[in-house]
Amino acid sequence: MSPTSPTSSAIKKDSGFGAAQIILTLSIGILVVVVAVPVLLIFLNAFWDNNNDFNLAAVVKVLSEPDTYQALLNSIIIACGTTLGSTAVGTFFAWLVTRTDLPYKKFMKGMFLVPFMLPSFIGALAWKMLLSPRAGYINRFFMDTLGFDNPIFNIYSYAGIVMVEIMYLFPFVFIQVCGALEHMDPTLEESARISGAGLGTITRKITIPLVLPSILSGALLIMLYSMAHFGTVAVLGIENGIFNIPTLIYEKIHQSAGSFESIRTGTVLASVLVITAAFIIWMQNKILGKGRYQIIAGKSFRPMELKLRGLRIPLLIFCLAYIGFTIVLPTAVIFLVGALPTYGLPFTLENLSLENYKFILFDFKVTRDAIFNSVTLGLAAALITMFAGVMISYVIVKMKVRGKGILEFLGMLPFSVPGSVIALGVILAWSGKFGINLYNTVWIILVAYIARYMAFSLKANSAALEQVHDSLVEAARACGATMWQALRDIVLPLVRPGMLAAFFLIFLPSLRELTVSIMLYAPTTRTIGVAIYTLNEDGETVRSAAMAGVALILIIVGQTLINRFTAKHKR
Amino acid sequence: MRKKLLAASLAVSLGLGLVSQASAAEKMILYTSMKESLIGAIYEKFKVKHPDVTIDYQSAGAGKLMAKIATERQAGKVLADVLWTSEVPDFYNLKKEGMLETYVPAQFGEVINPFPDHDGSFTAARLGTLGIVYNTQLVKKAPAEWDDVLKPEFNGAYGIANPALSGTAYMSISLLVKQFGWEYIEKLAANKAKIGKGSGQVVDDTASGELAGCIGVDYITIDKIKKGAKLAYVFPKEILIAPSPVAIIKGTPNLSAAKKFVDFLLTKEAQEVIASEGTLSVRNDVKVAPELPIASAEEAVKRSIKVDYKSLEDEKQTTIKKFTDILQGKK
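This is a predicted model, so every value here is computed, not measured. (Residues numbered from 1 in each chain as written. Chains lettered and ligands numbered in written order. Predicted model: local features only at pLDDT ≥ 70, side-chain atom pairs only at ≥ 80, totals over all residues.)

This brings us to the overall build of chain A. Looking only at helices and strands, chain A features 24 helices and 0 strands. The globule rule puts the C-alpha radius of gyration for 571 residues at 25 Å, and the 26 Å found for chain A is close to it. The principal-axis extents of the C-alpha atoms in chain A amount to approximately 85 × 70 × 55 Å. Scored against the burial criterion, the 571 residues of chain A give a buried share of 48%. Of the contacts formed within chain A by residues at least 6 apart in sequence, a portion of 78% connects residues at least 24 apart. (Helix = DSSP H or I, 4+ residues; strand = E, 2+ residues; numbered from the N terminus. Rg over C-alpha atoms; globule rule 2.2 N^0.38 Å. Buried ≥ 20, exposed ≤ 12 C-beta atoms within 10 Å, placed from the backbone. Contact = placed C-beta atoms within 7 Å.)

So this is what it looks like as structure tokens:
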């Protein structure tokens, strides 16, 4: 492989062909083993009974059981509520920061993206502390200080769950709509204005139709996420009997205690989730496919700003209040509760200390293991997925080989398989049925992470590869470079930013991962998310909060470093 | 297969650095649901006495540990050498399946034995107690009887941990039903008692004021009281006791180390650690923690509601379902 070796300089057509086949086979192999087999096993387990007969009646029976039916319904109710709410919130704020003369817009835009970083189950924990009916700090303030008879809000409800999910998911819409509004060609609106159209008409006939695809695609992303979201419902719903699909799958796996009896209900529910997700992804592709050529009008223009006039200051206050209420308050509560010796004490100076933080970082084996596990798992998953992703994307984007169609189809799979489905799938695939038993080891979590984050890597890498023109490789090949040389010397350096992006896109989220690891952890393989969740479940509220605080610091420091790093590289 | 698993587990432990650093002559693996701090303190004392034995302990909920053992059995090798949890029914199950080594610990004659059918398969190493925990800011008059939690102060604010998640919660419900009948559970439902999550969470919810009171496990409650939580702990006349058995897994290659550990667990030294955490020791010569509202382990056993532990295992599913249905008003 050394560039100076005499044989490598010769043009070898057949070796190039062989390499292509090897890469293709390898790519297909990875996706099949990591994603396709687990999903296939779920479908097999759900639709075929023990006698290997296709049995739809049994599926219907599982679905019509009151618990399952209710969980399905809950998933839909929560997902719809969250989607509608987040879309409204996200679109409104996006419009506010791009199209009006709101003060401190840049700062606001940055702040509205912060919830992206915050894991929503930590948000749910914070809101539980703030708004649980009798003990929540806000409810207590209203009842004890202002003399209210009843709590003002019960967080253990559908409304509570939806509210928390909106707070942490709306950036999906916000970021899409911001992009669309910023890149939209303002001449369209201006020409309408010159032709005498009023603001209402322009908004209705020009702006909204142009931005709609972005709004819808963001909304569908949220829908997909919320349907399959574990954390918030687990923290706020389970206790009061509100289950959604992932939490019910978790309960079933948990209760089955490793014997695979109730796994069937889980697989049926997972199938429903996969089908719904596939449908949502299909819708999204349709919408985006239609909208793309309209929105991306080349360079970003400086759009006209609406003068808010008298509303300028009230809206500024509103935005600041929103940020304070949804970001600062919950974060502060997490850190403060984490500093209490035991839950329920007032926040007085003598009660606050760093004792819990010290304990979980240095003395507590469970949390120390968890931090170590999450960091190593994240690094390993990010590295493996980064390299696998660049290879697979290369085949999909650049290579012209037979059998690519299969790979394109397989490449779509990771996008539409939710975390809890992956977890269930890897349990089915890797618990000894096929000779390898990884269940209850750290490796099963790694396999699941790779499957879960493959989509991120494929996305980042294909985007980078699409920008590398074929002529570069062709030129290299024409000058006598082998396939490998062209790859190494031309393609790899050019896609390195995409690979780096993929690495960080995977490493950071995996630090706070809960949905997958909660189903797969064993006594020594807790992750950070699992540690926070189980500490809370065990009634160690203050330690759970302290651990959540540590996780927040890790995530925020990580994100800041990455932003610095990528900013430097862009220059 | 076995080799593969061993190799895999070895790789895991090496990869994650979980193997203890010291290479001692003997080694054993303990699965326990005891808190990290408790097992850690016991191990410190154990090391002094047996410097040649290394213990790799895994602390997690009993359900998780049983799930791990179940998968390990499927794979052909149980990694645990000793199991110590508070889920008595699990031990009867394992015994029935021939999974447990019979071993009568050296100090067995000196300890309180709550199991009339003791044959050495498992031995109680701790006597967990459950009493009424109440929030001192919300409840002014201490409840003295189990019936006192049916009063209006506890209306809609009395919690019992979910028996499907917590073995001690299941035990406490069985005992209460045995003593007072299902009518007692129905009265609790009429007073809008709640099913909480884990046995720790109900205590924390009581400390925060979300609940006015709950059935609480001794050491969890004592720990929070010591840290200043506004809680108080009382035992009504009838005490609920949930023993924590310890057992050696049959066929372990580390039998001698396992025996050393089980023996040590019943010594005065180890039992003193247990008592200091706020749980009853199985030894009468160990002082009860001052925070615990009882004079001696002997008295607690005398006042405890007696139950046929074997029947607990058989009735588990039906009891849990009936209890959940009554409290959720399904019936």
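Here we take up the interface of chain A and chain B. Counting from both sides, the interface comprises 35 residues of chain A and, opposite them, 39 residues of chain B. Mapped by element, the contributors of at least two residues to the side of chain A that touches chain B are α16 (365-398) and α19 (442-466) of chain A. At 5 residues, the largest contribution of residues to the side of chain A that touches chain B is made by α16(A). Tallied by class, the residues present in the side of chain A that touches chain B amount to 13 nonpolar, 16 polar and 6 charged. (Nonpolar A, V, L, I, M, F, W, Y, C, P; charged D, E, K, R; others polar.)

Turning our attention to the confidence of the model for chain B. All names here are of chain B. For chain B, mean pLDDT is 87; residues scoring 70 or higher make up 92% of the total. Across chain B, strand β3 (residues 82-84) holds the top mean pLDDT of 96, while helix α1 (residues 2-15) sits lowest at 49. Note that pLDDT drops below 50 for residues 12-24; the model gives that stretch 17 contacts with residues more than four away or on any other chain. Our summary of model confidence lists the complex with pTM equal to 0.85 and ipTM equal to 0.78. (pLDDT = per-residue confidence, 0-100.)

As a further point, take unusual backbone geometry. Positive phi, normally seen in glycine, also occurs at Arg309(A), with a value near 50°. Locating Arg309(A) in the fold gives a position in the loop between α13 (263-295) and α14 (312-337). Using a count of 8 C-beta atoms within 10 Å as the deciding quantity, one classes Arg309(A) as exposed. At Lys192(B), a position not held by glycine, the phi torsion is positive, near 55°. Looking at the secondary structure, you find Lys192(B) in the loop between α6 (182-190) and β7 (194-195). Look at Lys192(B) and you get partly exposed, because 13 C-beta atoms sit within 10 Å.

Residue and element names in this part refer to chain B. Alternating residues of strand β9 (residues 231-234) divide into Leu231 and Tyr233, all buried, and Ala232 and Val234, none buried. Pairing between strand β5 (residues 122-135) and β9: 4 bridges, direction antiparallel. From the neighbouring strand, isoleucine 132 faces β9, where its bridge partner is valine 234. (Pairing = 2+ DSSP bridges.)

Residue and element names in this part refer to chain A. Of the residues in chain A, 92% reach a pLDDT of 70 or more, and the chain-wide mean stands at 85. When the criterion is pLDDT under 50, residues 1-15 qualifies, and its contacts beyond four places in sequence or with other chains add up to 9 contacts. The low-confidence segment residues 291-296, where pLDDT is below 50, has 10 contacts with residues more than four positions distant or belonging to other chains.

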